[in-house]
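So the chains spell out like this:
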Amino acid sequence: MTAALEPVQEFLAERLGDDALAASVDRGEATVLIAPSRVVDALAAVKAAPWDFAVLIDLTAWDRHPIEPRLEVVYNLLSWSRRQRLRVRARVDSRDAVLPTATGVYAAADWFERELWDLFGIRFDGHPNLTRILMPDDWEGHPLRRDFALGDEPVEFQGHIPKRPSDIIPHVPARRKDR
Amino acid sequence: MSELTRETLTINMGPQHPSTHGVLRLVLELSGETIVSCKPVIGYLHTGIEKEMETRTYHQNIALTDRIEYLASYFEEMAYCLAVEKLLGLEVPRRAQYIRVILCELNRIASHLVWLGTSALDLNASSVMMYAFAHREEYQEMSEIVSGQRMMPGYFRIGGVQWDLPEEFFPRVRKFIDELPRRLDEYEALLTDNPIWRDRHIGISSLSREQALAYGVTGPVLRASGVNWDLRKAIPYSSYEDFTFEVPVGANGDAFDRYTVRMAEMRESGRILRQALDGLPEGPYITSDRKVALPPRPELVRSMEAVIHQFKLVSEGIHPPKGEVYAAVESPRGEKGYFIVSDGSNKPVRVRVRAPSFSNLAALPVMVQGEMLADVVVAIASIDIVLGDVDR
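Residues numbered from 1 in each chain as written. Chains lettered and ligands numbered in written order. Predicted model: local features only at pLDDT ≥ 70, side-chain atom pairs only at ≥ 80, totals over all residues.

Q: Even after reading the chapter, I still don't get the overall build of chain B, so can you show me in this structure?
A: Helix and strand counts for chain B come out as 18 helices and 8 strands. Over its C-alpha atoms chain B spans a radius of gyration of 22 Å, differing by no more than 12% from the 21 Å that the globule rule assigns to 392 residues. Taking the principal axes of its C-alpha atoms as reference, chain B extends roughly 85 × 45 × 30 Å. Expressed as a percentage of its 392 residues, the buried residues of chain B come to 52%. Looking at chain B alone, contacts between residues at least 24 apart form 69% of all its contacts between residues at least 6 apart. (Helix = DSSP H or I, 4+ residues; strand = E, 2+ residues; numbered from the N terminus. Rg over C-alpha atoms; globule rule 2.2 N^0.38 Å. Buried ≥ 20, exposed ≤ 12 C-beta atoms within 10 Å, placed from the backbone. Contact = placed C-beta atoms within 7 Å.)

Q: What is the right way to read the interface of chain B and chain A from this model?
A: Think of interface size as the accessible area that goes away when the parts come together; that is how it is often given. The partner chain A presents 36 residues to the 44 residues of chain B that form the contact. Where the side of chain B that touches chain A is concerned, the elements lending two or more residues are helix H2 (49–53), helix H9 (209–215), strand S6 (323–331), strand S7 (334–342), strand S8 (350–354) and helix H15 (356–362) of chain B. Of the residues forming the side of chain B that touches chain A, the biggest block, 4 residues, is contributed by S7 of chain B. Each residue belonging to the side of chain B that touches chain A can be placed in one class, and the counts come to 15 nonpolar, 16 polar and 13 charged. (Nonpolar A, V, L, I, M, F, W, Y, C, P; charged D, E, K, R; others polar.)

Q: Could you clarify how one ought to interpret the environment of Ile-145 of chain B in this entry?
A: Residue and element names in this part refer to chain B. Along the chain, Ile-145 turns up in helix H6 (residues 126–147). Overall, the presence of 16 C-beta atoms within 10 Å leaves Ile-145 in the partly exposed class. Distance in space between the C-alpha atoms of Ile-145 and Glu-168 is 7.7 Å, their sequence separation being 23 residues. Non-local contacts of Ile-145, meaning those with residues more than four positions away in its chain, are made with Pro-166, Glu-168, Phe-169 and Arg-172.

Q: Even after reading the chapter, I still don't get the pairing of S7 of chain B, so can you show me in this structure?
A: Each regular strand displays side chains that alternate between the two surfaces of the sheet. Residue and element names in this part refer to chain B. Most of S7 is tucked away: 9 of the 9 residues are buried. Judged from the 9 bridges that link them, S6 and S7 form a sheet pairing that is antiparallel. Paired with Val-325 across the bridge in S7 is Ile-340. Counted along the chain from S6 to the antiparallel partner S7, the turn is 2 residues long. Pairing geometry for S7 and S8, over 5 bridges, is antiparallel. Paired with Tyr-338 across the strands is Val-353, a residue of S8. (Pairing = 2+ DSSP bridges.)

Q: What am I meant to see in the sheet that holds strand S3 (residues 34–41) of chain B here?
A: Strand pairing in a sheet takes place through backbone hydrogen bonds and is either antiparallel or parallel in direction. Residues and elements named next belong to chain B. On the basis of which strands lie adjacent, the open sheet formed by 3 strands has the order S1-S2-S3 and antiparallel pairing. Strands with a single pairing partner mark the edges of an open sheet, and in this sheet they are strand S1 (9–13) and S3. Recorded for the sheet is a direction-independent mean angle of 20° between the axes of neighbouring strands. Its contacts with the sheet place helix H17 (residues 373–383) against S1, strand S2 (25–31) and S3, and it is angled at close to 150° to S2. (Axes fitted to C-alpha atoms, helices over the stretch in contact; angles between N-to-C directions.)

Q: Could you clarify how one ought to interpret unusual backbone geometry in this entry?
A: Negative phi is the rule for most residues except glycine; trans is the rule for most peptide bonds. The omega angle of the peptide bond from His-65 of chain A to Pro-66 of chain A is 5°, so this bond is cis rather than trans. Tracing the chain through its elements places Pro-66 of chain A in the loop between strand S3 (55–63) and strand S4 (71–79). Non-glycine residue Ser-239 of chain B carries a positive phi angle of around 65°. By secondary structure assignment, the location of Ser-239 of chain B is in the loop between helix H11 (231–234) and helix H12 (255–278). Given 17 C-beta atoms within 10 Å, Ser-239 of chain B falls into the partly exposed group.

Q: Would you mind going over the nonpolar core with me for this structure?
A: Soluble globular proteins tend to bury their nonpolar side chains together. Ranked by size, the top nonpolar core spans 162 residues in total, and within it Val-73, Leu-77 and Ile-122 of chain A together with Ala-79, Ala-83 and Ala-379 of chain B carry the most contacts. Looking at this core element by element, the count peaks at 15 residues for helix H5 (residues 94–122) of chain B. Residues lining this core come from more than one domain, with at least three contributed by each of domain 1 (9–41) and domain 2 (49–391) of chain B. Excluding anything up to four places from it in sequence, Val-73 of chain A contacts Ala-61, Arg-89, Ala-90, Val-92, Leu-99, Leu-116 and Ile-122 of chain A. (Core = buried A, V, L, I, M, F, W, Y, C linked by C-beta atoms within 7 Å. Domains from an automatic or database assignment.)

Q: It is not clear to me how the sheet that holds S3 of chain A should be interpreted in this structure. Could you clarify?
A: Residue and element names in this part refer to chain A. Ordered by their spatial adjacency, 5 strands build an open sheet running S1-S2-S5-S4-S3, and the pairing between neighbours is mixed. Edge positions in the open sheet fall to strand S1 (20–26) and S3, since each of these has one partner strand only. Averaged over neighbouring strand pairs, the angle between their axes works out to 20° when direction is ignored. Looking at chain direction, strand S2 (residues 29–34) and strand S5 (residues 84–92) are connected through 3 bridges and run parallel. Directly across from Leu-33, in S5, lies its bridge partner Arg-89. Contacting S2, S4 and S5, helix H2 (residues 39–47) crosses the sheet at an angle of about 170° to S5.

Q: Just to check I follow, could you spell out the packing of H5 of chain B against H6 of chain B for this structure?
A: Helix-helix packing: each pair is described by the crossing angle between the helix axes and the interaxial distance. All names here are of chain B. Packing of H5 against H6 leaves a shortest axis separation of 8 Å and a crossing angle of 155°. Here H6 runs roughly antiparallel to H5, going by the angle between their axes. Once H5 is placed against H6, the crossing between them reads as left-handed. Here Leu-103, Leu-106, Ile-109, Ala-110, Leu-113, Val-114, Leu-116, Gly-117, Thr-118, Ala-120 and Leu-121 of H5 come into contact with H6, specifically with Ser-126, Val-128, Met-129, Ala-132, Phe-133, His-135, Arg-136, Tyr-139, Met-142 and Val-146. Classifying every residue of the contact of H5 with H6 gives 16 nonpolar, 4 polar and 1 charged. (Parallel < 35°, antiparallel > 145°, perpendicular 65-115°, else oblique. Left-handed = near helix turned anticlockwise from the far one by under 90°.)

Q: I'm lost on the domain arrangement of chain B in this one. Help?
A: Residue and element names in this part refer to chain B. According to the domain assignment, chain B consists of domain 1 (9–41) and domain 2 (49–391). The gap between the C-alpha centroids of domain 1 and domain 2 is 28 Å. Listed as interface residues are 17 residues of domain 1 and, on the opposing side, 18 residues of domain 2. Contributing elements (two or more residues each) for the side of domain 1 that touches domain 2: S2 and S3. Element by element, the count of residues in the side of domain 1 that touches domain 2 is highest for S3, at 6 residues. In the side of domain 1 that touches domain 2, the residues fall into 9 nonpolar, 6 polar and 2 charged.

Q: Even after reading the chapter, I still don't get the environment of Leu-88 of chain B, so can you show me in this structure?
A: Here Leu-88 of chain B shows up in helix H4 (residues 73–88). Apart from the residues within four sequence positions on either side, Leu-88 of chain B is in contact with Val-292 and Pro-320 of chain B.

Given below as structure tokens:
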């Protein structure tokens, strides 16, 4: 159900010019990479007919630590009529992570963008209420960044043994042939 | 309008409240008893599972997925395993696919029974709650027979399931699906024509098709709004294309339609279960790919190769190739998806859980806008959120 990616790619290239950076199909899943400043234009373009990616099913990010621009934001779109998914991605720098808000295109983006601000520290320009959503309001840092260490909160009990993240099984990097 | 009536009152509902079905706080602004605005405050149950998953191997993470949408653990495992299998490009044996479908559909019925019982209890129909929970107990016993656990089963494995279905499971599940229509009739006899139930549900917390679309609402809430969208039919996974079943759709998108949609879904799950049990194929219950699944016990005493595979899988885990995938299933609450990024190492770089309860709850303010305070209780019950899923 991914046969229609090439037209989307052409369509976006035509609409956005050089700002449509790349497109690929991996394991049957279509993704396009868009310049951060134009990502909302791309979303609005594929939301309309004939593409009809009318549902923002998920909006998330992941940290490409240590390669800058580190934070890759992933808009996971769904079209009911085409029974198809499309992922629109944009990469932002971790020191100055700003993207335009998509709340004007998809109402669902409201809470998702708050979550991304909370956990990744990505600011969304023009968001009506960009506050923390999952972590406490006075929390410092953005926990889902890869350089945010997973550790223990200080407690005032005696004899407390700090918890450590699971290191029973060590991290084994990719073998060369898998890269 | 006098000065007095123009004033609004802001009250807190929750975080500890019997009808928020978990630790959910709603900041409600009231004019008299009418809701002017509703602001859900979430995060009280945030446990950082997504972060935790980055420090564990792909197999270890199955135990964590169970704890997210804890009323529908089999769906969590299913979605997670499908995502990792997609990453690996792995084919799951047909028997394993059917076993997964059987467990998931049983789980769907059980999850809907919890919704039925708790939402009836919210309106003081406590006998329905007793019936529903007693009924659900049978599912939990079956889950224990299959996986050893009543909740948080940890039964699915990457590439299949942990072990085959035990013999004593089959008569139990047959009895369960034989009795299911009669018992659902009984619940409907108690509720559908009950004047209080109808008064409190018809026309309450409506969500239009367009609003559902804008907020990314999925599952029974979406179907009650008149959208025929079910991933089992639309983008089939795990052999769902083999089964004949209807997708119940509502018309008005109100709480009553969500009730009828879920009741009909339970009957359809019974149909799927019967077909899956009748057509359960013979064959292996887990993939024979030794780079993914543990070798069978008897092989360990005969083959050095098997011992090496066992050692590598236990001490290091699997290494999915580099890439990113998204896999989704139709959970009792909507689209449950896993977005996994792998860098080729033995631990995922990122596991993102697309939580249906999160998106459905985001639409709550639209549903209750302009309605009565007492109807917020019905609205929350009708979207059937699991706070573990909202906060992750």
